[in-house]
Amino acid sequence: MRKFNGNLSLMPLSDLIQWADNSKRSGTLILSQHERQKKFYIQDGKIIFIWSNCEAEHFGNFLKDH
């Protein structure tokens, strides 16, 4: 599996997700900033799961509040 890393100031996240979709990539996109981390699990270019270590960003909390 080919890996790459970089800075999102070079390419917006939306463009990166579109690139993964167009090229049917699979893997994990990890976004880190200080103590915060998000992981986008991608299979054949589609996001199949998103994880965050920030409790306020947990999907279960979103569902509970809405």
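For the structure, see preceding data.
Trainee: Explain the nonpolar core here, please?
Mentor: Soluble globular proteins tend to bury their nonpolar side chains together. Within the largest apolar cluster, six residues are counted, these being Leu 16, Ala 20, Leu 29, Leu 31, Phe 40 and Ile 42. Secondary structure elements with two or more residues in this core: helix 1 (13–22), strand 1 (27–33) and strand 2 (36–43). Excluding residues within four positions of it along the chain, Ile 42 makes contact with Ile 17, Ala 20, Arg 25, Ser 26, Gly 27, Leu 29 and Ile 47.

Trainee: Help me understand the pairing of strand 2, please; the structure alone is not making it clear to me.
Mentor: The side chains of a regular strand alternate between the sheet's two faces. One ladder, built from seven bridges, connects strand 1 with strand 2; its direction is antiparallel. Across the sheet, residue Thr 28 finds its bridge partner in strand 2, namely Tyr 41. Counting the residues between successive antiparallel strands, the hairpin from strand 1 to strand 2 contains two residues, one of them, His 34, with a positive phi of roughly 55°. In the sheet, strand 2 pairs with strand 3 (residues 46–52) via six bridges, with the strands oriented antiparallel. By the bridge assignment, Tyr 41 is partnered in strand 3 with Phe 49. Counted along the chain from strand 2 to the antiparallel partner strand 3, the turn is two residues long, and its residue Asp 44 has a positive phi close to 50°.

Trainee: Hey, could you run me through a nonpolar patch on the surface in this one?
Mentor: Taken together, the side chains of Ile 48, Phe 49 and Trp 51 make up a nonpolar region of the molecular surface, amounting to roughly 310 Å² of accessible area. Structurally, Phe 49 is set in strand 3.

Trainee: Please clarify how the pattern of salt bridges should be interpreted in this entry.
Mentor: Side-chain pairs of opposite charge can arise where the charged atoms are in close proximity. For the structure on display, the rule yields two salt bridges. Across the pair Lys 24 and Asp 21 runs a salt bridge whose closest N-O atoms are separated by 4.0 Å. A residue is classified by how much of its surface remains accessible, and Asp 21, at 24% relative accessible area, is partly exposed. For Asp 21, the salt bridge identified is with Lys 46, shortest N-O distance 2.8 Å. Of this pair, Asp 21 sits in helix 1 while Lys 46 is found in strand 3, placing the two residues 25 residues apart along the sequence. Residue Lys 46 is classed as partly exposed on the basis of its relative accessible area, which comes to 45%. Taken together, the shared-partner salt bridges connect Asp 21, Lys 24 and Lys 46 into one network.

What counts, and at which threshold
- Residues numbered from 1 in each chain as written.
- Predicted model: local features only at pLDDT ≥ 70, side-chain atom pairs only at ≥ 80, totals over all residues.
- Heavy atoms only, no water.
- Core = buried A, V, L, I, M, F, W, Y, C linked by side-chain atoms within 4.5 Å.
- Buried < 20%, exposed > 50% of the residue type's maximum accessible area, 1.4 Å probe, protein only.
- Helix = DSSP H or I, 4+ residues; strand = E, 2+ residues; numbered from the N terminus.
- Contact = heavy atoms within 4.5 Å.
- Pairing = 2+ DSSP bridges.
- Patch = residues over 30% accessible without salt bridge, like charges linked within 9 Å, V, L, I, M, F, W, Y side chains within 5 Å.
- Areas by Shrake-Rupley, 256 points an atom, 1.4 Å probe, with all protein chains shown as cover.
- Salt bridge = Lys/Arg side-chain N within 4 Å of Asp/Glu carboxyl O.

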